[in-house]
Amino acid sequence: MSTLGVTGASLVKDLRMEWRSKDAINSMLFFSLLVVVIFSFAFNPTAEESRRIAGGLIWVAFLFAAVVALNQTWARELRNQVLDAYRVSPAPPNALFLAKTVGNFLFVVVLEILMAPLFVVFYELRSVGPVWQLLVVALLGTWALVVNGTFFAGLSIRTRNREIMLPLLLFPITIPALLAMVDATTSVLTGEASPDFWIKLLAVYDIVFTALCLLLFESVLNAE
Amino acid sequence: MSTLGVTGASLVKDLRMEWRSKDAINSMLFFSLLVVVIFSFAFNPTAEESRRIAGGLIWVAFLFAAVVALNQTWARELRNQVLDAYRVSPAPPNALFLAKTVGNFLFVVVLEILMAPLFVVFYELRSVGPVWQLLVVALLGTWALVVNGTFFAGLSIRTRNREIMLPLLLFPITIPALLAMVDATTSVLTGEASPDFWIKLLAVYDIVFTALCLLLFESVLNAE
Amino acid sequence: MIGIAPSSPPVIVLENLVKFFGRFAAIRGISASFAGGRLYVILGDNGAGKSTLLRIVAGLMEPSQGSFTLLGAKTVHEVAHRVGYMGHAPLLYDELSGMENLRYFAGLYGLHDDVVGRHAMQMVGLDPELTRRVGQYSQGMRQRLSLARAVLHNPELMLLDEPFSNVDVRSARDMAAILGRVRDQGKTIFVVTHQAALMEGVADELVHMAEGQIVSRAEVVRDAAANAALRTAR
Amino acid sequence: MIGIAPSSPPVIVLENLVKFFGRFAAIRGISASFAGGRLYVILGDNGAGKSTLLRIVAGLMEPSQGSFTLLGAKTVHEVAHRVGYMGHAPLLYDELSGMENLRYFAGLYGLHDDVVGRHAMQMVGLDPELTRRVGQYSQGMRQRLSLARAVLHNPELMLLDEPFSNVDVRSARDMAAILGRVRDQGKTIFVVTHQAALMEGVADELVHMAEGQIVSRAEVVRDAAANAALRTAR
Amino acid sequence: MKKLTLISVPITVALLAYTSYLALIVAPTEQTMGDVQRIFYYHVPSGWVAGLCFFINFVASALYLWKRSPASDALAAASAEVGVVFCAVLLITGPLWARPVWGIWWTWDARLTTTLVLWLIYVSYLVLRRFAAGGQTQVLAAAFAIFGFADVPIVYMSIRWFRTQHPSPVMGGGENSGLAPAMLHVFLINLVAFTVLGILFVWLRYQLQMQEQALESAHAQLALKGVSR
Ligand code: HEM
Ligand SMILES: Nc1ncnc2c1ncn2[C@@H]1O[C@H](COP(=O)(O)OP(=O)(O)OP(=O)(O)O)[C@@H](O)[C@H]1O
Ligand SMILES: Nc1ncnc2c1ncn2[C@@H]1O[C@H](COP(=O)(O)OP(=O)(O)OP(=O)(O)O)[C@@H](O)[C@H]1O
Ligand SMILES: [Mg+2]
Ligand SMILES: [Mg+2]
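Overview of the structure. (Residues numbered from 1 in each chain as written. Chains lettered and ligands numbered in written order. Predicted model: local features only at pLDDT ≥ 70, side-chain atom pairs only at ≥ 80, totals over all residues. Heavy atoms only, no water.)

1. Some remarks on the overall build of chain C
Broken down by element type, chain C carries six helices and nine strands. Taken over the C-alpha trace, chain C has a radius of gyration of 17 Å; the compact-globule value for 234 residues is 17 Å, and the two agree within 12%. For the C-alpha atoms alone, the extent of chain C along its principal axes is close to 45 × 40 × 35 Å. In chain C, once contacts between residues fewer than 6 apart in sequence are set aside, the share between residues at least 24 apart is 68%. Working note: accessible area of chain C is about 9,300 Å², and carbon and sulfur atoms make up 51% of it. (Helix = DSSP H or I, 4+ residues; strand = E, 2+ residues; numbered from the N terminus. Rg over C-alpha atoms; globule rule 2.2 N^0.38 Å. Contact = heavy atoms within 4.5 Å. Areas by Shrake-Rupley, 256 points an atom, 1.4 Å probe, with all protein chains shown as cover.)

What follows is the structure, given as C-alpha cells:
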C-alpha cells in the first residue's frame, strides 16, 4: 500500500493495457498528424513566417492531441466503474494520480519524438539557437500540460458532458504554460531572444501545479 | 412515414432537447472562444499578418468546435441505444440524417454569428472585398463541414473510441473544402484575388458530398 | 383475432441461421418455425445467443449464413410496422417526458394522434399526464414505458429482451400480466428472460437455447402441473 | 473464527442515516445494528435505496446526515482493507485477463503474492490459467470474477450489490453456495438482490427496505419452513 | 439582516446616481482624449471590484475544502458570479475606450491578456458548477477555484514581458503619474461606490444562495417525513 508501490503497479497496468490496444497512442499520432496537415494547409506559411509561428503550431497541435489522450486514460477507469474498486481499497489516491500522470507523460513524449521530424519536414525548420534548450522546453512544457491535464480529466469525468469539460477547464489554466512553451520555442528557433525566462517560468509553473494537484486530488477522487 | 414528416419531427425533437439543456451550444461557444484565444496567443500575429492568416484561424476554430458538437448530437441517440428504436421502425434512414444535418447546421451558424464579432475584435479584421461574399462562403463552407461531419459522426459512433474517430475520419475528407473556405475567406479579406473559383468549388463539393451522404447513409445506419 | 389456434400459420421461420462474431459462432445453425398468437419464453445461459437471435429477427443484425421469413416477408423492412422490439437498454430519450417520447416514436410509424401514446401509457399502468422526464423515472417506470414504446403501434409480433432485468418483483409480475393480455388479443410475443417463474401462467411455450442452438421446445399447459414444471425448468 | 454466534458484536451500526439527492431523500433515517458472522439478504423494490445504502457503507458516498461505525471504526478508510465491495458494474478491466486483474487489485491491498489471486479464482470456480481477457468472458464468468475481486483480500465484511443480475440460474446458484461457505468461515455478508429465492438455505436474515427505510428484518431458520417463507417473501 | 438589505439597496442606488453625475458631468474633460476618458470612472473601479470578488472566491473555496461548510461554498459561488460580471464590464469598457484612443479594439498586452484569462478561468468555474452532478459540485468547484487563483500571479508574471500598450499605474507610479485633483476626487468616490455595489451584489447573491439551500433542505426534510415525494 506504499504510494510508490501502487504507483508502479498502476503504471505497469496502464502501459500493458495501452500496449494491448495501442488505441491512445495510435489515435493521438494520427490526430496530431492531421492537425499539422490542416494547419499547414490553413495557414500556408511562407518559409520566413513558418519559423516564427512554428512554436505556436507545434504546441497547439500537441495540446489538442494530449486532450484526446488524457480523456482516454480516465475513460478506461470509468468503463466498468473500476474506479470504485480503487476507491474502496486502502490504496492512496495520489498513487493513482501519479501513475496516470507519468503514463500520460510517457505517451505524449513518445508522440513528440515521433512527430518532431514531421514538423521539421513540413515547416522546413532549422533551429538558430541551441537544440538542447528545445529539449528542456519540451520536457518541462509537456509535464505542465500533462499534470494539469490528468488532474482536470480526473475532475471532469465526474461531470455531465465529460468529453467537452476537459478542454473547457484545462485551456484557461494552461494558458501561461502554453505561452511560455510557445515563446521559448520561438526564441530558440529564431535565436532572437534568450528563452531563459520562459524556461524558469515553466519550471515554477510545473512545481506549483504538481504540488496543487497532489494536494487536491484526494478530495476530487472522493467527491460524490 | 414520409421523409419530410419524420425529418421535421426529428429536428423538432432535437431542438427541444437542446433547448432543455443548452449544453451543446453553451459548451461549443465557450470552446470556440477558447480556441480563438489560444490561437491568437500561440501565433500572436502582427496586424499585417493577421489578415492573411485570419481565414485559416477562423475555419480551424470552427472545425474543432463543430467536431465537439457533432459528436454530441449522435451521442444522444446512442445513450439508451435509442438508435435501435429508430432502426426497427419503418421510418426512412435519410430522414434522420437530414434532421441531424439541418440541426447541426443551425447550431454551427448560430455559433458563427456569435463568434464573428470576436474575430473582428481580436484580429482587427476589416474586409477589403465585399462582405456578402464572406456570407456565401460561410454558408457553403459550414454546410460542407456539417454534412460530412454528421455523416462521419454517425459512422464513427459505432466504433470503439468514438470521440477520437470522428476527427480522424472527418479531417482528411474535409481538407479540400477547408482549403476552399480558407482561401476564399483570405481572398475576400485581403481583396487580392477573386474568391469565385473557391466558391464554385465549395458549391460543387457540397452537392457531391450531400448526394453521397444521402446515398450511403442507409447502409451506414444499418451496418452491424 | 382473439383466440387464434396454435396451428395458425408461422410468423417466424428460421432456416439454418448462423451468426459469427469473428471466429466465434454465437448462433450455430438454427432452423425453426413459430406459430402466431402465442407467447414464447426463451430461456438459456449467459451467452447462449438469445439476444443475438432476437436482434437478427428484428433486423438489427445480418445473419452470417442462412435466412428467415418474418410475417411472410423476406426482408424485415417490409413488415417493420408490424413488429415491436424491446432491447436490453430502454431505447428512450432521458431528456423528454413519457408522452413526448411516445409521440416521437409514434411519428416514426406514421401515427400522429396522441391517443396512441395515451393508450399505450395507460395499458402499462403509467399516467399520460406525467410531466417528469424519463431520466427521473425509477427503473420500474422506465421499463414500463419501454414496453409501451414497443407496443405503441399495436404490432402483431413483439420481441422482448429481458424486460424484467433489474425490475422489482411486483413491477415484473404486472408486466407479465400485461403481456398475457396482449397475447390473448391474438399477438405473438417472444420474451427472453432469466426469471422464468415470472411467466408462470402466461407462457405458451418454453424455448430453451444453449450454445447458439435451440435445444428444446416445451409446450406449456397453463395449469398447476405445468407451472411446477416451469419452476424446475432448469 | 468459525461458528461465531449471532450475538457477536455488531460490525455495522447505522445512526439515523439520511441521504439526499437534491430534494429527494433516497435514505430516510436508518438506524440499525448488524451482528457479525451472518449473511444478510437485502430486499426491496426499485429505488428503495438499497444500492445507496451499500455505497454509503462502503465509503463511496457521504451520508447527508447521521453517521455510522464500520467494524468499530468511524471512518471507512481505517478499515478499508477489511471490507470487500461488489457493485452493479463488474469493476474489472476488460482489457486484462482474470489473473492480471486480480494481481493488480491484490496490489492495492498490499498483497503481492499470486497465490492470493489463484486462491480467489479457484474459490469462485474459475481456472487461474485462463488467458482470455475479461472482455471476452461471458456474463456469468465475469460476475464470478467480480466476486473473486471483492473477496480477494479475505475481508471480514462483504457488501454485494445484485451479484446475480443477468446471471443465468445455474451460475447464480453456484455463487450463492459460495457465499454460504464464506459465511461459514465467520465473515459477515450483505447481499442485495431481487431474486430472493436464490439465497434459500444460506441466508441468516432478510432485511426488507422500502422508500429509504428498513421496514422489516426477519430471522431465517435455515430449514424447509423458512424457505417457504422466503419463497413468498414479497 | 433583511432590514440591512432593504436599507442598503436604496443607499447604493443613490450613491451610484450621485457618482454617475460626478463622473459624467462634474469631472473635467480630459485634454487629449476628450469625453471618452470618462469611461475611466467605470473601467477602473470595475477592475478593482472584479479582483476583489475573485479574491473572496479563493478564500471561500479554500475555506470550503477545509471546513466543508455550505456557507463558504455559497459565498464562493456568489463572488465568482459577481466577479465575472464586473470583469465583463471591464472587458467591454476597455475596447470601447481603446477603439477611439488607440485605433484598435484589442491587443495582446499584459493588462488586457491577464484580464481576459482571468475572465475565462472564472467562466470555466461557473460552467463546471453547472455541469457537475449533485453533491460533487462544491468540492470540484472549490478545487478548480484554487487552481484558478494560483494561476493568476503566474499569468501576470508571464505576460508582463510582452510589449505593453495599456496605461501604467496611475496611482503611486513615477514622475508623470497621478490624476488631476478634480478627477482624483471623482474617481475615489466612484471607487467607493463600485466597491459598495460589488459587495452588495455578492451579499444579495449569497443570501439568495443560502435561501435556496434552506429551501432545498426544507423540501428535503419534508420528503424525509414523507409529506411530499
Ligand atoms: C482593451 C481592453 C482593456 C482592458 C481589458 C483593460 C483592463 C484594465 C485593468 C484590469 C485595469 C486594472 C483595474 C484595477 O486594478 O483597478 C485597468 C486599469 C486602467 N485602464 Fe484599462 N483596460 C483596457 C483598455 C484601456 C484603455 C483603452 C485605456 C485608456 C487609454 C485604459 C486605461 C486604464 C487606466 C488609466 C487604468 C488605471 C491604471 C491604474 O491605476 O493602475 N484601459 N484596465
Ligand atoms: N458484438 C459482439 N461481438 C463479439 N461477440 C459477441 C457480440 N455480441 C455477442 N457476442 C457473443 O455472442 C454470444 C451470445 O451473446 P448474446 O448476447 O446473444 O447472449 P445472451 O444469450 O443474450 O446472453 P445474456 O443472457 O447474457 O444476455 C456471447 O458469447 C457473446 O460474448
Ligand atoms: N446519483 C443520483 N442522483 C439522483 N438520484 C439518485 C442517484 N442515485 C440514486 N438516486 C435515486 O435514489 C433512489 C434510490 O436509488 P438506489 O439506487 O439506492 O435504489 P435501489 O434500491 O438500489 O434500486 P434498484 O433495485 O433499482 O437497484 C432512486 O429513486 C434513485 O432514483
Ligand atoms: Mg442477452
Ligand atoms: Mg441498486
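What follows picks up the thread again.
2. Describing the coordination of the magnesium ion (ligand 4)
The expected angle between donors at a tetrahedral four-coordinate metal is 109.5 degrees. At an octahedral six-coordinate metal it is 90 or 180 degrees. Residue and element names in this part refer to chain C. Looking at the magnesium ion (ligand 4), one finds its protein donor set to be Ser51 (OG) and His88 (NE2), positioned 1.8 to 2.6 Å from the metal centre. On the criterion of sequence distance, the pair formed by Ser51 in helix α1 (residues 50-57) and His88 in the loop between β5 (83-86) and α2 (98-108) is long-range, its members being 37 residues apart. For Ser51, a relative accessible area of 21% corresponds to the partly exposed category. (Donors = N, O, S within 2.8 Å, 3.2 Å for Na, K, Ca; no water. Buried < 20%, exposed > 50% of the residue type's maximum accessible area, 1.4 Å probe, protein only.)

3. Quick look at the interface of chain A and chain B
Counting from both sides, the interface comprises 38 residues of chain A and, opposite them, 37 residues of chain B. When chain A packs against chain B, the two sides together hide about 3,300 Å² of surface, and 75% of this comes from carbon and sulfur. Applying the counting rule to chain A against chain B returns zero salt bridges. On inspection of chain A and its partner chain B, the count reaches zero residue pairs in polar contact (both at pLDDT 80 or more). Counting residues per element, the ones that place at least two in the side of chain A that touches chain B are α2 (23-43), α3 (47-78) and α7 (162-190) of chain A. In the side of chain A that touches chain B, the residues fall into 26 nonpolar, seven polar and five charged. (Buried area = accessible area lost by both parts, 1.4 Å probe. Salt bridge = Lys/Arg side-chain N within 4 Å of Asp/Glu carboxyl O. Polar contact = N/O pair within 3.5 Å; in protein donor to acceptor, adjacent residues only side chain to side chain. Nonpolar A, V, L, I, M, F, W, Y, C, P; charged D, E, K, R; others polar.)

4. Observations concerning the arrangement of the chains
There are seven pairs of chains in contact here; the most contacts are made by chains A and B. The two units chain C and chain E never meet; even their closest C-alpha atoms stay 13 Å apart.

5. Regarding unusual backbone geometry
Residues and elements named next belong to chain C. With a phi close to 50 degrees, Leu71 is a non-glycine residue in the positive phi region. Following the sequence through the fold, Leu71 ends up in the loop between β4 (65-70) and β5. Its relative accessible area of 15% is what places Leu71 among the buried residues.

6. Examining the packing of helix α2 (residues 40-67) of chain E against helix α3 (residues 70-102) of chain E
Residue and element names in this part refer to chain E. Taken N-terminus to C-terminus, the directions of α2 and α3 make an angle of 155 degrees; their axes are 7 Å apart at the nearest point. Taken together, the axes of α2 and α3 lie roughly antiparallel to each other. Crossing of α2 over α3 shows left-handed handedness. Looking at the contact of α2 with α3, its residues break down into 19 nonpolar, 10 polar and one charged. (Axes fitted to C-alpha atoms, helices over the stretch in contact; angles between N-to-C directions. Parallel < 35°, antiparallel > 145°, perpendicular 65-115°, else oblique. Left-handed = near helix turned anticlockwise from the far one by under 90°.)

7. What to know about the environment of Ala218(D)
Residue and element names in this part refer to chain D. Within the secondary structure layout, Ala218 lies in strand β9 (residues 213-219). Overall, the relative accessible area of 32% leaves Ala218 in the partly exposed class. Sequence-wise, Ala218 and Val207 are 11 residues apart; in three dimensions their C-alpha atoms are separated by 6.6 Å. Setting aside chain neighbours within four positions, we find Ala218 in contact with Asp204, Glu205 and Leu206.

8. Side note on the site of ligand 2
Near ligand 2 there are 15 residues, and of these Asn46(C), Lys50(C), Ser51(C), Thr52(C) and His194(C) occur at the shortest range. More than one chain reaches ligand 2: the nearby residues come from chains C and D. Glu162(C) is positioned such that a nitrogen or oxygen atom in its side chain is 3.3 Å from an oxygen atom of ligand 2. For ligand 2, the accessible surface in isolation is 630 Å², of which the surrounding protein chains cover 67%. Among the secondary structure elements, those contributing two or more residues to the shell around ligand 2 are β2 (24-35) and α1 of chain C. The dominant element in the shell around ligand 2, judged by the number of residues it contributes, is α1(C), at three residues. Residue classes in the shell around ligand 2 are distributed as four nonpolar, eight polar and three charged. (Near = heavy atom within 4 Å.)

9. Some words on the interface of chain E and chain B
Each partner contributes residues to the interface: chain E has 18 residues there, and chain B has 15 residues. Between chain E and chain B, the buried area comes to about 1,400 Å², and carbon and sulfur atoms account for 70% of it. Inspection of the chain E/chain B interface yields zero salt bridges. Across the contact surface, chain E and chain B share zero residue pairs in polar contact (both at pLDDT 80 or more). For the side of chain E that touches chain B, the element with the highest residue contribution is helix α4 (residues 110-131) of chain E, accounting for 10 residues. Taken together, the residues of the side of chain E that touches chain B sort by class into 12 nonpolar, three polar and three charged.

Nothing here speaks to function; it is geometry throughout.
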